[in-house]
Each structure stands twice: as C-alpha cells, then as structure tokens.
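Secondary and tertiary structure notes
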Amino acid sequence: MHPRPCRSRQDHPRRPPDRVLRRRLAPPEARSEVSTAARLSDGALVLVDAVEGVHIQTHAVLRQAWIEKLTPCLVLNKIDRLICELKLSPVEAYNRLLRIVHEVNGIVSAYKSEKYLSDVDSMLAVSVGGVVDDENLQLIEDDEEDTFQPQKGNVAFVCALDGWGFSINEFAEFYASKLGASAAALQKALWGPRYYNNKTKMIVGKKALGGGSNKAKPMFVQFVLEPLWKVYQAALEPDGEKEMLEKLIKSFNLSIPPRELQNKDPKVMLQAIMSRWLPLSDAILSMVVRFMPDPIAAQSFRISRLLPKREVLDHGAASDVLAEAELVRRSVENCDGSSDAPCVAFVSKMFAIPVKMLPQRGPQGEVLNNSNDEGPGGESDECFLAFARIFSGVLSSGQRVFVLSALYDPLKGESMQKHVQVADLHSLYLMMGQGLKPVSSAKAGNIVAIRGLGQHILKSATLSSTMNCWPFSSMVFQVSPTLRVAIEPSDPADMGSLMRGLRLLNRADPFVEVSVSGRGEHVLSAAGEVHLERCIKDLKERFAKVRLEVSPPLVSYKETIESDQSNPLENLKSLSKSSDYVEKTTPNGRCHIRVQVMKLPPALTKVLDESADLLGDVIGGKQGWSSKIVETQQLGTKEEENPIEALKKRIIEAIDSEINSVAENDKDHADKCRAKWLKFLRRIWSLGPRHVGPNILFTPDFKKKISDEAVLVRGSAYVSEKLGFLDTADCDDVATQQFVETNQELCDEAKSLESGIVSGFQLATSSGPLCDEPMWGLAFVVEAYISPLAGKSDEPESNHQPEQHAIFTGQVMASVKDACRAAVLRNKPRLVEAMYFCELNTPTENLGSMYAVLGRRRARVLKEEMQEGSPLFTVHAYVPVAESFGFADELRRWTGGAASALLVLSHWEALPEDPFFVPKTEEEIEEFGDGSSVLPNTARKLIDAVRRRKGLPVEEKVVQHATKQRTLARKV
C-alpha cells in the first residue's frame, strides 16, 4: 500500500493547490507503517500482484483505506510476468486482469454494504419515531458503481521492474486520431465487452457482433495488450521483428541512446524502449493528480473519521469551550490555512534519526544548533522527530503548542491536566525523500517533521494552539504484537544502557511494546520475526549499543474449560445447580465460598476481547470515548452512535447468533435460552482479568441460603449498570434487597468484603491453574457466606483487630482465587493457543514438500485451489503461533525458495487434547496401556514448557529406565 499524503498549499487556502506529492512505502511485514501513514494521507495506491492476485494483505490495506476514508487507486504490477513467465496469450491475460479487478471491487463492495445496511437500520429506527431528514436520506443512497474502473482511469497496469506503466486514457489518446473517434469514447470502450468492427469502423457490443462474437477480441486485447505482447516478443525472441521496434521508436519520437539499443542483453533494450514509451512515473503521477482529492476536499470528507462529533448532555457550563471546539472542527473540515485559524496537527509516529543527519543550516542560511538535549544528559546520538500533518492553520518553528493525548476532554478542565502538555517547537522540516529541508512555517495540508517533541510524545498525539480542542480519534492497527522475547545485557553492568535503549526504541517504533514481566524480565513484543530482528538490530547498533542475550520466543496462551455448546440451556442451568460447585473456607472459618464455572459462547468471548479498550473507558467512567470510536470496533457502526448502546447491541447479537446456530429449529428452546441469558446479563459484577477481559463474574442468586445465621455477600451488578442492562428501577430493587437481613452488622461486613471477592476473581483469571496463563471465555458465580463470630467475647477489641488490618479481606481474596482455579481444574481444563491464518503459494512440484512442512508445524489445512491461468497452488491453513517461528525459513529451504507464505493473526483456539489424560475405558487401556507408559500429549508438552520457563513445578520422570542398565553397545 502506498498512501499518498497531501498536496501542499502555499498561497491562499482556496487557490488550487500546487502538486507536491509525498509517498510512504509499507512492506507487508511493517503493517504499522500503513496505519501511521494512512492517518496523514488523502489517498492510497493499492498494489496488487498480477500473477499472485488478491491476498490477505490486499484485504488488510483496503480495510485500512476504508476505515481512514482514503481515496484509493489500484495498481496492477508485474504485467511482464504474464508474458515472460506464464506465457499467457493476450486474451488469457485480459481475463486474469478482469478477474483481479472484480475481486478487489468485491472487497470494497463488502465494506460499502456493511456501511449501507447499518445506515439503513439507523434511518429506519429514526423514521419510526419521527421524520427522516434529507441529509440522512442522502446517507443511505447506495452507489452501485465499482470503486476501481479502468475505463475511468483509476487503475494502472505497470511493470515496476522495467519502469513502464499506463492507464487506459493514455492508449485512448494514442488511438483517437488513428480511429477517428474521441478520446473520451475510446476510453470507455477500451475495457469490458466492447469490440471494434473493422468493416463499419464502429465500436459495438457483443450482441451486435452476431455469429462472429466467438472470434472477436475485446478492444483492450486488440489495441492495448497485443501491441505490448508484440514489443516483448520482438525484443526478447532471437527471430523477433526488430523493424517493429524501430517503427515504434520513430512513431513516438523516443530518445534512446544507441548503446542501449545495441546492448547484447535484450532485457536492457526492452527496458530502455518501454520506460520511454510508457514512463511509469508519468502514469502514476497523472492518475494521482486526476483522482485523488486535494486537502480541502479530502478533509471535508474525512472529518467524521478524524474528529467525530461528540454528544454532550450538559451544554450550559461549558458553552464557550464547546463553541471554540466546534470552530476548531470547522477549521479542520475546511482545511483553513489562514494565519488567524486555530492551528491543529496530528502526530502519527515518532521516528529517530542520527543527529549528524540533521540539516546544518536553516531556511535563511543561518547555522543551526543541532545539539541533542532530548536524551538523558544530552548524550544520545539519536534525535526524535515527529511525523505530523497540519490539518488547520499555520505551524511555525518556535511556536508554543498544546500536546493532547487521546484521553483528553476539554470539558473536564482541571482533571485533564495529566493528558495535556505545553511544548515549544524547535524546528520544522519538509521531508524530501531521504533528506530534510528546514522551513520556518508550514500551512494546512502539509506533512512535516517536527523537532522538539521527543520528551512530550511517546507514540502519537494531537497538537493544537488552543486547549479547547477535541483530540483526533486513535489510529487502528491491523494486527497486535504477538511475538515476545525476554532481553538482558550480556554484561550486567550494561543494564542502564539497555533500559535507556528500550525507552528510545519504544518511542521510535509505534508498533513495539516494552514491558516488565512478573519475574522481572524486560520483555520486547514485536509483530513478527522480521520486525523483531529489526528491533534487536536497532537496540544493538543504535539505541543501547551493548551486546544482548535474547531468549527464545515467549508464546502467550490462555486457559479455558471444555463445554458442550450443543445444549446452551443446560450450560446456563449448571450455574444454578446447588451440587456442582467447589467449596473453600477461609482459615478463620468464618467465610464459606462456593464457586461455579461455565464456558461463555465463543462469539461473546470474541466481542468482549475486541472491545477491551471501550470497556476500559466505560467501566472506568471515561465518558469521552476519545481513545476509540465505534467505527474501529465494528466497521458498519455509525460514527455518532452511542458507544455503550453499540457495545450492548453487539453483546446481545453475539448471544443470539450462538443460540440460533444451535437451536435453529427449536424456537421454544431458543426463547428460553435468550430469556435466561438476559437475566444473567443483568447480573454482571465484574470482568477479568484487569477488569476488561473476556471472563465474567456474575452476582450470586439472592434467594440461596446455607443457614439462617450466615449472610450472603450479594455483590453489585456494576458492569451491567454501566453497560445499560439495568435501568433505574432495577438498581433500586437491588439496593433494597441488600438490606433486608436482620443482622445489620454482618451485612455491613459482607458489603466490605465485596472488593476482596472481585480481587480474588481478578487474580484467578489473570493466572489459571494449568500454567499461570490468563483464563479465556469463562463465567463464574461466587457465593460467599459470612457466619457470625463463634461466641460473644468479653474482649471485642482482640476479635476485631485483624479486620482493621484487612486480614479477613485477604483471606477471602486468596480463598476465592483458589476456589476459581479449583473449579476450572474440575471441569475438564483446556489450553488455548493463538492461531495464524496462513496463505501459501507454491508451484505444483513443491506441494509435497510444503505439506511436509505444514505437518511438522501442526498446521490445519483449510482449502487448496489452483490459480487459474498459472501453475501456482494457493493453500489456506491455520498455523499455531508457537509453531510459526522459523516457518518461513524452513518453507523456503524445503521448497528451494519456490513457496511463499503470508501470516496474519486469526483467532484463539482451544486444544482438544486433555492435558491430564489417563486411559479409563477398555478401548483406551487396550490402545494406551494402563497409563504408566502414555507419552505426554501436545497440550501437556506445551504446559510443561511454560511451567519450566516460569519456574513452576513440573511433574516429570527424572529417571526414565531405572531397572535396566543402558549402554551404547547392544548385546544379545
């Protein structure tokens, strides 16, 4: 994907902009660069291989362009391989290109359909209670036209290796005078089922051809592809028509040096002719200028993504703030570049360059002071620059600006001081290729590098000349860092240098994550092996400059239980059974804890996991939702929709989809399940781990009792209330029910222990019983009963002294944690591992070797199909993340470099194997023996490996063969 940032505007903001283009390249392994560049861009060039066709990477970049509201153009590359390698005829090549364009349009149409259906639903909901206005009616108008249409000119056919490319309008201009037709008419006819009748000299459709339609060739084949094929054949074949090449050079008046025409290598001659006949740069530049919007048009279209409207309930107290914030939003929408407009810019990433690469002279020729005062003690050789775009106003060097984080809310005033900083801009640079050109100021629409923000911005931020400005919405990254390694210096004395280097790397790379594990290890998280290698290289050579010891990859796992999803009603009833529970008692004997566990539906688990950021805002009481907008969570959701309502709707839809998939034909059963689930959704006490995870703690049933004296810790449906599952009347009923007990003192004590139960749940879900990994998709019901003291003591102070120091709360917390872990062990625990979706391409002769590699990696093949018109096979498979390290190298080694693979993190999947399997049935005993000689299965091996790494005890035989002396010699 080649996002095109903007065209610079140097004069009046409404004057047609000068053509200043900037290009950002994003290779597949650096997908974070797509996100950071897309935010600052107006359009994107989507590159598709004409041989390999549409891949998962194409889906990813098209989705990114759609989310960021960029105007895309399509570039079909490697057209020469269709001629030289695949040996396709012009008609076969045309059909292949036609199919690729159709597939890409299908992807974009899917995104449009989701948005269209969502808009229709919201408009219909409005029309029930009122009148739909004209603006909303315009929103739901469906555009039936394909996004990419070669006849329009927004599709380019190129060969980047040989430096040539074209769009259809260029050939239309070539043939306009020759065929006696207008260039506009020819442009429409040069793609699709249009044919040229040589007898009548007219352009006709397929029906007008009559009986000769089978032999007729589309105009694109006849007038575009066949001349290209003839040029290639004339240049590359020994008996090619060299006269035709001379005629081509003479007809188009091409200036080619004689040494290139007389070169013995025909590829050199071909490249010289094609790059001058159809220059690649001219084709791409003309397409960009024609079809991508200028900053004014682009920002007015993208404003709903950049600065979505906020719903504010109380307008009175902050009317001045809201008025100024709306003025800033209008300035961004209009791309106002006047000097009196509020200055707003967005920094999408920080990047490091050596100080010696900074320009030595300023815009007026003055000598610049490039001493680096950003690092500790000013000793760092690296200088951090902010990669930013100016969306409104004029930004000048030396200007003082406010740096706003994504959580900043201008309506909250003093409480938001930690999310805003004041910074002075040191210098501004225009990024011209690899060089930096210092400038004194830059207007709206420009992309600049800013020096002086290294101490204020970690990853991204909004810059504004006023504090009364909403921050820009957060960027969306396609994947998350999944590859983790522990890093330590070879010499312990270099630990300080390593920590400084990690801080610099964390700031320089928007996609890297640096953390400290519970064991004190410094953990570096990267997106993949290539990304990790680059990070380690930068640490060794640029940021830390010390020798490092890197651990084997630390793979993340989850823990869950096995459940029968075919009968969801029985699973729900299992939480209400009084016999199926694990019971624990606190050491002082006063609190009896019963825990029941159930597996959540996979769709609900996925929604909770994907909505972690939004749940953190909602449960934490942050009402700005500025860190995430709903469009990033679900593509079809309308931007102005209340995030809480959208999340509530997604949760209910996830439950409904699971119920309908199981009880599709039994309506009565489905209704009972739905009603039962709605009751449970009104009892959500907490989520875990870290209060936002995919595990749920439900409040206990108030009607249950174990004795007349014991008091149940009832808890509160706090999360249900925040998510809108409880109305005011429900909250009042719960509040009145909590104080109907006769023993008020015990009730108060039970109320004080609620935090201990929640903390115990958080500890249990953050480290499961198998290998201390987080739990995944589980629902718990914790019933804690408090009994009164055994007898009335004459020394009440001694009895109540431990409670003053929260010892009882700690005992409850530990007992809840142990009970939750024991409940998981009792209900068939399973290990959950992350899975990559893998797309492989390989020739037919290498299929066997590729399948051998997949088999060794525990891959599960989904489908295999042969690409039409090529000898390549495309194979889709799921590969465990734990088995993916070194996968690409092994695949290349076993297939001689012929196979290629693309990996994208797909989902979490539970291993079906029981880690504690012991043969019990007659068939199992016959197959595996009595259990003493059963080898550990895959799940047990993975669990033991994680436990060894964490220093946990592992059950294993130290002596394998105690009764037999084993020697190297084999004696009979």
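Conventions used here
Residues numbered from 1 in each chain as written. Predicted model: local features only at pLDDT ≥ 70, side-chain atom pairs only at ≥ 80, totals over all residues. Heavy atoms only, no water. Helix = DSSP H or I, 4+ residues; strand = E, 2+ residues; numbered from the N terminus. Contact = heavy atoms within 4.5 Å. Areas by Shrake-Rupley, 256 points an atom, 1.4 Å probe, with all protein chains shown as cover. Phe/Tyr/Trp six-rings, centres within 6.5 Å; stacked < 30°, edge-to-face > 60°. Buried < 20%, exposed > 50% of the residue type's maximum accessible area, 1.4 Å probe, protein only. Lys NZ or Arg CZ within 6 Å of the ring centre and 35° of its normal. Pairing = 2+ DSSP bridges. Axes fitted to C-alpha atoms, helices over the stretch in contact; angles between N-to-C directions. Parallel < 35°, antiparallel > 145°, perpendicular 65-115°, else oblique. Left-handed = near helix turned anticlockwise from the far one by under 90°. Nonpolar A, V, L, I, M, F, W, Y, C, P; charged D, E, K, R; others polar. Salt bridge = Lys/Arg side-chain N within 4 Å of Asp/Glu carboxyl O. Core = buried A, V, L, I, M, F, W, Y, C linked by side-chain atoms within 4.5 Å. Patch = residues over 30% accessible without salt bridge, like charges linked within 9 Å, V, L, I, M, F, W, Y side chains within 5 Å. Lys, Arg positive; Asp, Glu negative; His and termini not counted. Charge placed at Lys NZ, Arg CZ, Asp CG, Glu CD. Polar contact = N/O pair within 3.5 Å; in protein donor to acceptor, adjacent residues only side chain to side chain. Expected span 1.5 Å × (residues − 1).

Topic: the overall build of the protein
What the protein contains, in helices and strands, is 33 helices and 32 strands. Across the protein, the fraction of contacts at a sequence separation of at least 24, relative to all contacts at a separation of at least 6, is 76%. Working note: accessible area of the protein is about 46700 Å², and carbon and sulfur atoms make up 51% of it.

Considering the packing of aromatic side chains
A complete count under the given rule lists 24 aromatic pairs for this structure. The interplanar angle of 35° and the centroid separation of 5.8 Å between the aromatic rings of Phe-157 and Trp-191 together place this pair among those described as tilted. Here Phe-157, found in strand β4 (residues 155-159), pairs with Trp-191, found in the loop between α7 (183-189) and β6 (195-197); they are 34 residues apart in sequence, far enough to count as distant. Here the two residues Phe-157 and Trp-191 agree in accessibility, since each one is buried. Between Phe-680 and Phe-698 the ring centres are 5.0 Å apart and the planes differ by 55°, which places this aromatic pair in the tilted class. Here Phe-680 is found in helix α23 (residues 667-681), whereas its partner Phe-698 is found in strand β26 (residues 695-698), with 18 residues between them in sequence. Residue Phe-680 is classed as buried on the basis of its relative accessible area of 3%. Here Phe-698 falls in the buried class, since its relative accessible area comes to 0%. Residue placement shows Lys-69 over the ring face of Phe-301; its charged tip is 5.3 Å from the ring centre. If you follow Lys-558 out to its NZ or CZ, it ends over the ring of Trp-908, 5.0 Å from the centre.

Section: the pairing of strand β9 (residues 382-392)
The two faces of a sheet get side chains in turn, since along a regular strand they alternate between them. Most of β9 sits out of view: eleven of its eleven residues are buried. For strand β8 (residues 344-354) and β9, the ladder comprises ten bridges, and the chain directions are antiparallel. From the neighbouring strand, Val-344 faces β9, where its bridge partner is Ser-392.

Notes on the packing of helix α10 (residues 242-251) against helix α12 (residues 266-277)
Put simply, α10 and α12 touch, their axes get as near as 11 Å, and they point 30° apart. Here α10 is positioned roughly parallel relative to α12, judged by the angle of their axes. Handedness of the crossing formed by α10 with α12: left-handed. Note on element contacts: α12 touches α10 through Met-269, Ile-273 and Trp-277, opposite Lys-242, Leu-245, Leu-248 and Ile-249. Each residue belonging to the contact of α10 with α12 can be placed in one class, and the counts come to six nonpolar, no polar and one charged.

Comments concerning the side chain of Ser-525
Relative to the helices and strands, Ser-525 is located in strand β20 (residues 522-526). Judged by relative accessible area, which is 5%, Ser-525 ranks as buried. Sequence-distant contacts of Ser-525, that is, excluding residues within four places in its chain, are made with Pro-481, Leu-483, Arg-484, Phe-511, Val-512 and Glu-513.

Brief notes about the packing of helix α22 (residues 643-662) against α23
Remark: α22 packs on α23, axes separated minimally by 10 Å, with the N-to-C direction vectors making an angle of 150°. Overall, the two elements α22 and α23 adopt an arrangement that is roughly antiparallel. The hand of the α22/α23 crossing is right-handed. Residues Ile-651, Ile-652, Ile-655, Asp-656, Ile-659 and Asn-660 of α22 pack against Ala-670, Cys-673, Arg-674, Trp-677 and Leu-681 of α23. By residue class, the composition of the contact of α22 with α23 is eight nonpolar, one polar and two charged.

Here's the deal with the sheet that holds strand β21 (residues 548-550)
Across the sheet, four strands lie side by side as β19-β20-β18-β21; this open sheet has antiparallel pairing. Where the open sheet ends on each side, the last strands, each with one partner, are β19 (513-516) and β21. Taken pair by pair, the neighbouring strands of this sheet meet at an average axis angle of 30°, ignoring direction. Of the pairings in the sheet, the one linking strand β18 (residues 483-489) to β21 comprises three bridges and is antiparallel in character. Bridging across to β21, Ile-487 finds its partner in Val-550.

A closer look at the pattern of salt bridges
Counted according to the given criterion, the structure contains 33 salt bridges. Across the salt bridge formed by Arg-99 and Glu-103, the nearest N and O atoms sit 3.7 Å from each other. A residue pair is termed a helical-turn pair when its members lie 3 or 4 positions apart in one helix, as Arg-99 and Glu-103 do in helix α4 (residues 90-129) at four residues. The partly exposed category is assigned to Glu-103, whose relative accessible area is 34%. Note that Lys-672 and Asp-668 form a salt bridge whose closest N and O atoms lie 3.7 Å from each other. Taken together, the residues Lys-672 and Asp-668, both in helix α23 and four residues apart, mark about one turn of the helix. In this structure Lys-672 comes out as partly exposed when scored by relative accessible area, which is 47%.

Quick look at the nonpolar core
Formed by 66 residues in total, the largest nonpolar core has its most connected members in Leu-76, Phe-157 and Phe-220. Element by element, the count of residues in this core is highest for helix α9 (residues 219-236), at twelve residues. Contact partners of Leu-76, with chain neighbours within four places excluded, come to Val-48, Leu-97, Ile-100, Val-101, Val-155, Ala-156, Phe-157 and Val-158. By size, the runner-up hydrophobic cluster in this structure holds 43 residues, among which are Cys-343, Ala-388, Leu-430 and Ile-487.

Brief notes about the sheet that holds strand β11 (residues 400-404)
What the eight strands build is an open sheet, ordered β12-β11-β17-β8-β9-β16-β13-β14; its pairing is antiparallel. Sheet topology places β12 (420-424) and β14 (435-439) at the edges, where each strand pairs with a single neighbour. Adjacent strand axes in the sheet meet at a mean angle of 40° when their direction is disregarded. Note: strand β13 (residues 427-432) against strand β16 (residues 447-451), three bridges, orientation antiparallel.

Considerations on a negative patch on the surface
Side chains of Glu-922, Glu-923, Glu-926 and Glu-927 sit close together on the surface and give a patch of like negative charge. Structurally, Glu-926 is set in helix α32 (residues 922-928). Using a relative accessible area of 70% as the deciding quantity, one classes Glu-926 as exposed.

Examining the environment of Tyr-196
By the element assignment, Tyr-196 lies in strand β6. C-alpha of Tyr-196 to C-alpha of Leu-179: the two residues are 17 residues apart in sequence and 9.9 Å apart in space. Apart from residues lying up to four places away in sequence, Tyr-196 is in contact with Leu-179, Lys-201, Met-202, Ile-203, Met-219, Gln-222 and Phe-223.

Comments concerning the pairing of β8
Within β8, ten of the eleven residues are buried, which leaves the element mostly enclosed by the surrounding structure. By the bridge criterion, four bridges tie β8 to strand β17 (residues 461-464) in an arrangement that is antiparallel. Looking at β17, one finds that Ala-345 is bridged to Leu-463.

Remarks on the side chain of Arg-389
Along the chain, Arg-389 falls in strand β9. For Arg-389, a relative accessible area of 0% translates into the label buried. Within the local environment of Arg-389, its side chain forms a polar contact with the side chain of Asp-42, the two groups lying 2.7 Å apart. A distance of 3.0 Å separates a polar atom in the side chain of Arg-389 from a polar atom in the side chain of Gln-299.

A word on helix α17 (residues 529-543)
Here α17 contains 15 residues, and its C-alpha end-to-end distance of 20 Å stays within 8% of the 21 Å for a straight helix at 1.5 Å per residue. All buried positions along α17 are accounted for by His-531, Leu-532, Cys-535, Ile-536, Asp-538, Leu-539 and Phe-543. Where α17 is buried, its residues meet β8, β9, β18, α16 (495-508), β20 and β21. Of the residues trailing α17, Lys-545 is marked for its positive phi of about 60°.

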